[in-house]
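Here's the letter readout for the chains.
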Amino acid sequence: MWGRRRKLAQARVSVEEAMRTAEDAIEPLDRACGRLEELHREIRSFLGHGDGMPFFTGQTVLAQLWDALESSRRTLGIYARQRADIQHDLAHGIDFDGTARALELLAHWAEQAEHLTELADEPISAFTEVRNHLWELRFSLPPVRQRTYAALTEARNDLIAAGPAHPGRFALEAQLNALGDRLRDLDAGRVELVNDDDDVTRWYQEVEGQIAKVRDAMPRPSF
């Protein structure tokens with residue numbers, strides 16, 4: 001009788017030790033989940049301000065990031081529930097079969113924790129690159145955007161100065177209006193970054209170049 005109780009007490013101690021081991025093993029996954037949450041907040045904060053940041057592509061990235069985050073959360077949730085069940089059994093009496101199941105389950109979590117963390121580390125690396133790119137774009141884009149808008153304003157002023165009788169005036173005006181629409185699309189982030197060569201800053205520069213061509217087609221005052 002006493003020997004059985006002593007063995008059960010030893011088994012309970014083994015379960016408690018296994019719980020601590022599993023907790024230590026799962027902690028990196030918990031940190032990875034926190035990093036995914038942080039990245040989601042940071043990337044979302046860059047978007048939707050009408051300042052040319054790639055909103056459409058950003059929404060796709062956020063959806064992918066959210067999937068990775070939810071996957072990690074579900075895994076942590078399963079672990080938390082199973083750990084809570086074991087704690088409940090320890091507090092309210094656990095038999096030998098219960099300790100055996102608990103030890104097996106906790107050993108599984110300890111063994112799988114590193115692999116689960118690696119699964120979370122891959123999207124963390126990818127989304128960190130996205131976050132860094134958006135951070136750089138936040139500083140490199142404004143001067144190019146402002147210069148492009150200034151060029152559009154100057155081109156419209158030139159067209160007004162050319163007068164209503166200027167040949168091809170309406171075609172030039174239509175071109176400037178189309179370029180203005182393109183700028184509004186870029187401002188709203190209605191663009192898709194498909195590959196590494198896609199660059200929002202370059203697209204603004206392309207619009208600036210097209211505005212310059214329209215201005216070149218306008219007459220210059222003779223002195």
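A short note on the pattern of salt bridges
Here the structure, examined in full by the defined rule, presents 13 salt bridges. Between arginine 145 and aspartate 187 there is a salt bridge, with its nearest N and O atoms 2.7 Å apart. Placement of the pair is arginine 145 in helix H3 (residues 96-162) and aspartate 187 in helix H4 (residues 169-187), with a sequence separation of 42 residues. The salt bridge involving arginine 215 is made with glutamate 154; its shortest N-O contact spans 3.0 Å. Here the residue arginine 215 occupies a position in helix H5 (residues 200-216), and glutamate 154 occupies one in helix H3, the gap between them amounting to 61 residues. What you see here is one network of salt bridges that share partners, running through Glu37, Glu70 and Arg73.

Comments concerning the packing of aromatic side chains
What the rule picks out here adds up to four aromatic pairs. Note on phenylalanine 55 and phenylalanine 56: the rings are 6.3 Å apart at their centroids and 55 degrees apart in plane angle, and the pair reads as tilted. By relative accessible area, which is 38% here, phenylalanine 56 ends up partly exposed. An aromatic cluster of at least three residues, connected via ring pairs, comprises Phe46, Trp135 and Phe139. In this arrangement the basic side chain of arginine 182 is found over the ring face of tryptophan 203, its NZ or CZ atom lying 5.9 Å from the centre.

Some points on helix H2 (residues 55-92)
With 38 residues, H2 extends 53 Å from end C-alpha to end C-alpha; this agrees with the ideal 56 Å at 1.5 Å per step. Looking one or two residues beyond H2, the residue adopting positive phi is glycine 93, at roughly 100 degrees.

A look at the side chain of arginine 169
The topology assignment puts arginine 169 in helix H4. No salt bridge is formed by the buried arginine 169; its nearest oppositely charged neighbour, glutamate 173, is found at 4.4 Å. Setting aside residues no more than four positions away along its own chain, arginine 169 makes contact with Leu159, Ile160, Gly163 and Pro164.

Observations concerning a negative patch on the surface
Taken together, the side chains of Asp85, Asp89, Asp95 and Asp97 present a region of like negative charge at the surface. Among the structural elements, aspartate 85 can be located in helix H2.

Focus: the nonpolar core
Core analysis: the biggest nonpolar cluster contains 53 residues, and Ile43 and Leu176 have the highest contact counts within it. If you list the elements that add at least two residues to this core, you get helix H1 (2-46), H2, H3, H4 and H5. The leading source of residues in this core is H3, at 16 residues. Once you skip the residues sitting within four places of it in the chain, leucine 176 turns out to touch Leu152, Ala155, Arg156, Leu159, Val214 and Met218.

Here we look at the side chain of aspartate 187
Taking the relative accessible area as the measure of exposure, aspartate 187 reaches 8% and is therefore buried. Sequence-distant contacts of aspartate 187, defined by excluding residues within four places in its chain, comprise Gly50, Asp51, Gly52, Arg145, Tyr149 and Tyr204.

With respect to H5
Under the 1.5 Å per step criterion, the end-to-end length of H5 is 25 Å for 17 residues, consistent within 8% with the ideal 24 Å. All of the buried residues along H5 are Val200, Thr201, Trp203, Tyr204, Val207, Glu208, Ile211 and Val214. End-on view of H5: buried residues confined to an arc of 165 degrees, all on one side of the axis. Turned more than 90 degrees away from the buried face of H5, the exposed residues are Lys213 and Asp216. On its buried face, H5 is in contact with H3 and H4. Where H5 begins, the capping side chain belongs to aspartate 199, and its oxygen is found 2.9 Å from the backbone nitrogen of threonine 201.

So, the packing of H3 against H4
The contact between H3 and H4 brings their axes to 11 Å, and the two run at 160 degrees. With respect to each other, H3 and H4 are oriented roughly antiparallel. As H3 runs across H4, the sense of the crossing is left-handed. Between H3 and H4, the contacting residues are Arg145, Thr148, Tyr149, Leu152, Ala155, Arg156, Leu159 and Ile160 on the first element and Arg169, Leu172, Glu173, Leu176, Asn177, Gly180, Leu183, Arg184 and Asp187 on the second. For the contact of H3 with H4, the class distribution of residues is eight nonpolar, three polar and six charged.

Some thoughts on the packing of H4 against H5
Running from amino to carboxyl end, H4 crosses H5 at an angle of 170 degrees, the nearest separation of the two axes being 10 Å. When the axes of H4 and H5 are compared, the pair comes out roughly antiparallel. Here Leu172, Gln175, Leu176, Leu179, Arg182, Leu183, Leu186 and Asp187 of H4 lie close against H5, whose contacting residues are Trp203, Tyr204, Val207, Gln210, Ile211 and Val214.

Parameters at a glance
Residues numbered from 1 in each chain as written. Predicted model: local features only at pLDDT ≥ 70, side-chain atom pairs only at ≥ 80, totals over all residues. Heavy atoms only, no water. Salt bridge = Lys/Arg side-chain N within 4 Å of Asp/Glu carboxyl O. Helix = DSSP H or I, 4+ residues; strand = E, 2+ residues; numbered from the N terminus. Phe/Tyr/Trp six-rings, centres within 6.5 Å; stacked < 30°, edge-to-face > 60°. Buried < 20%, exposed > 50% of the residue type's maximum accessible area, 1.4 Å probe, protein only. Lys NZ or Arg CZ within 6 Å of the ring centre and 35° of its normal. Expected span 1.5 Å × (residues − 1). Lys, Arg positive; Asp, Glu negative; His and termini not counted. Contact = heavy atoms within 4.5 Å. Patch = residues over 30% accessible without salt bridge, like charges linked within 9 Å, V, L, I, M, F, W, Y side chains within 5 Å. Areas by Shrake-Rupley, 256 points an atom, 1.4 Å probe, with all protein chains shown as cover. Charge placed at Lys NZ, Arg CZ, Asp CG, Glu CD. Core = buried A, V, L, I, M, F, W, Y, C linked by side-chain atoms within 4.5 Å. Arc of directions from axis to C-beta. Polar contact = N/O pair within 3.5 Å; in protein donor to acceptor, adjacent residues only side chain to side chain. Axes fitted to C-alpha atoms, helices over the stretch in contact; angles between N-to-C directions. Parallel < 35°, antiparallel > 145°, perpendicular 65-115°, else oblique. Left-handed = near helix turned anticlockwise from the far one by under 90°. Nonpolar A, V, L, I, M, F, W, Y, C, P; charged D, E, K, R; others polar.

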